[in-house]
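Chains, contacts and geometry: an overview
Here is what each chain is made of, one letter per residue.
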Amino acid sequence: MSTLAQAASAKSATSGHGLDWPHLFATRAERMKASEIRELLKLLDQPDVISFAGGIPDPALFPAEAFGAALTSALTGDSRGAALQYSVSEGYKPLRDWLVTRMASLGVACTADNIMITSGSQQALDYLGKLFLSKGDTALVGWPTYLGALQAFNAYEPNYDRLTPLGNRSASDYRETAAAAGGPGGGRVKFAYASADFANPTGETLAESARKKILDLAEELDIAVIEDAAYQSLRYDGDEVPPLLALDIERTGGIENTRTIYCGSFSKTLAPGLRVGWVCAAKPVISKLVLMKQAADLHSATLNQMAIHKVASDGFDAQLAKIKATYMARRDAMLAALSRHMPEGVSWTKPDGGMFIWVTLPEAADGAALLAESLKTERVAFVPGKAFFADGSGANTLRLSFSCASEAMIEEGIKRLGRVVRGG
Ligand SMILES: Cc1ncc(COP(=O)(O)O)c(C=O)c1O
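Residues numbered from 1 in each chain as written. Predicted model: local features only at pLDDT ≥ 70, side-chain atom pairs only at ≥ 80, totals over all residues. Heavy atoms only, no water.

Let's talk about unusual backbone geometry
The omega angle of the peptide bond from Trp 143 to Pro 144 is 10°, so this bond is cis rather than trans. Tracing the backbone through its elements, the reader meets Pro 144 in the loop between strand 3 (138-141) and helix 7 (147-154). Cis peptide bonds are those with omega within 30 degrees of zero, and the linkage from Asn 200 to Pro 201 qualifies with 20°. Along the chain, Pro 201 turns up in the loop between strand 5 (189-194) and helix 9 (208-221). With phi around 55°, Asp 222 is a residue other than glycine that occupies positive phi space. (Helix = DSSP H or I, 4+ residues; strand = E, 2+ residues; numbered from the N terminus.)

Concerning the site of the ligand
Lining the immediate environment of the ligand, one finds Gly 120, Ser 121, Gln 122, Tyr 146, Asn 200, Asp 228, Ala 230, Tyr 231, Ser 265, Ser 267, Lys 268 and Arg 275. At 2.9 Å from an oxygen atom of the ligand is found a main-chain nitrogen or oxygen belonging to Gln 122. The side chain of Asn 200 places a nitrogen or oxygen atom 2.8 Å from an oxygen atom of the ligand. Considering the ligand on its own, with 390 Å² of exposed area, one finds that the protein chains cover 91% of that surface. Broken down by element, the residue count for the shell around the ligand peaks at three residues, all from helix 6 (residues 120-132). (Near = heavy atom within 4 Å. Polar contact = N/O pair within 3.5 Å; in protein donor to acceptor, adjacent residues only side chain to side chain. Areas by Shrake-Rupley, 256 points an atom, 1.4 Å probe, with all protein chains shown as cover.)

Observations regarding the sheet that holds strand 2 (residues 115-118)
The strands making up a sheet associate through backbone hydrogen bonding, with each pair oriented either parallel or antiparallel. The strand order across the open sheet formed by seven strands is 2-8-7-6-5-3-4, and the pairing between neighbours is mixed. Edge positions in the open sheet fall to strand 2 and strand 4 (159-162), since each of these has one partner strand only. Direction aside, neighbouring strands of the sheet carry axes that sit 25° apart on average. Bridge count for strand 5 against strand 6 (residues 224-228) is four bridges, and the pairing is parallel. In the strand pairing of strand 6, Ala 192 is matched with Val 225. Packing of helix 5 (residues 93-105) onto the sheet brings it into contact with strand 2, strand 7 (260-265) and strand 8 (277-280), and relative to strand 2 it is tilted by some 115°. Sitting on the sheet, helix 6 is in contact with strand 2, strand 5, strand 6, strand 7 and strand 8, with an inclination near 155° to strand 7. (Pairing = 2+ DSSP bridges. Axes fitted to C-alpha atoms, helices over the stretch in contact; angles between N-to-C directions. Contact = heavy atoms within 4.5 Å.)

Details of the environment of Tyr 86
Assignment of secondary structure puts Tyr 86 in the loop between helix 4 (80-84) and helix 5. We classify Tyr 86 as exposed; its relative accessible area is 65%. For the pair Tyr 86 and Ser 300, spaced 214 residues apart in sequence, the C-alpha separation works out to 9.6 Å. Setting aside residues no more than four positions away along its own chain, Tyr 86 makes contact with Leu 298 and His 299. (Buried < 20%, exposed > 50% of the residue type's maximum accessible area, 1.4 Å probe, protein only.)

Details of the packing of helix 12 (residues 302-341) against helix 14 (residues 407-423)
Where helix 12 contacts helix 14, the two axes come as close as 9 Å, and the packing angle between them is 30°. Between helix 12 and helix 14, the angle falls in the class roughly parallel. Of the two elements, helix 12 crosses helix 14, and the hand of that crossing is right-handed. Residues Ala 329, Arg 330, Ala 333, Met 334, Ala 337, Leu 338, Arg 340 and His 341 of helix 12 form the contact with helix 14, whose own contacting residues are Glu 407, Ile 410, Glu 411, Ile 414, Lys 415, Gly 418 and Arg 422. (Parallel < 35°, antiparallel > 145°, perpendicular 65-115°, else oblique. Left-handed = near helix turned anticlockwise from the far one by under 90°.)

Here we look at the packing of aromatic side chains
A full pass over the atoms with the stated rule returns twelve aromatic pairs. By way of ring pairs, the aromatic residues Trp 98, Tyr 262, Phe 266, Trp 278 and Phe 316 are connected into one cluster. The residue whose ring lies beneath Arg 169 is Tyr 174, and the NZ or CZ to ring-centre distance is 4.0 Å. (Phe/Tyr/Trp six-rings, centres within 6.5 Å; stacked < 30°, edge-to-face > 60°. Lys NZ or Arg CZ within 6 Å of the ring centre and 35° of its normal.)

A word on the confidence of the model for the protein
In the predicted model, the protein carries a mean pLDDT of 93, and 93% of its residues have values of at least 70. Low pLDDT (under 50) marks residues 1-5, which in the prediction has two contacts with non-local residues, meaning those over four places away or in another chain. (pLDDT = per-residue confidence, 0-100.)

Following this line, the structure appears as structure tokens:
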């Protein structure tokens, strides 16, 4: 045993606190911190709390019977061996074929070779962080952005810079900032991450002109664009805006020439528990992702992919129509309640779809303190907005989700929240 090891073992024997794990962990583990918000949200699952905090689908809307029938059929027919056997990393071919048609309806002409199935789109974000980010590289993200994307990318030790599609920062400014932040040798900008439709947390959608500006900037910087399309199917009104990938194809002439990597998900439309999402991109990107998936989990659960394929092919549009009608009514109820109950000086987004409304309070307000107060006095929960900012700003913002509360609960909850905001 080396002297160092002896010292360490003596220390752990005398202190009785077990191993000093952090000194064994890789440096990347330092960036993996429990989010205060996620920890807090665990405490909110109490029956008397009206919660606008979780951004999850309403379980009452899951097509549970259709899944029951699909799973039975996968396990009893000729496919049962395949359903339970190891399979290819690219994903279940009939599902990829179904997705080729779905992507075509969004203006994305591709083949099954441009699609890899992932275990939720969260897995795609992790893989893309791993694929693109060396320590000290820069990822461009929104201020605010999806917290789970920051968690996924953090493990690869990047810096973040603000993606402002409508701002006037030049490519060279981004490049110089990345080099200066990257430490010895400098870092490079590697990708821009954007949730273009009904973003989590703001509910906002990027106009076609903003999408084109992101593509222009990406072209100038010669970087990839990660399009997070988790909520794209949940449009309640307004006109469809083509995905960044479709606009990229329009300007480059075909998917093989594009720089956009589209991450889709069945979580918000069919069921998150089955963990099925997909990536659609040029083949060189898919090939690398397939190798990463082989190393990470071999493939996503075949039985789940089969069930998703069956339920989607039998009635994706009908399921969409059902959930959209419910969520739209809840969004309308929340917008109306906010107008009735929020005091002067408070503003909020008016999303065309998705699950979220983003509230901005007067400058001096503190969302985290307001949450503590709100839980104590009114039993209403929401997510303080600060966690969604890579630079720790945004203390005076809140995220409200309308997906899981009835219209009556929304009215009551926003009335109570209005009282907390007035008092705060
Ligand atoms: C913007 C966004 N992207 C990705 C995800 C991950 O979803 P999943 O892994 O279930 O597809 C979520 C989940 O809430 C999300 O809000």
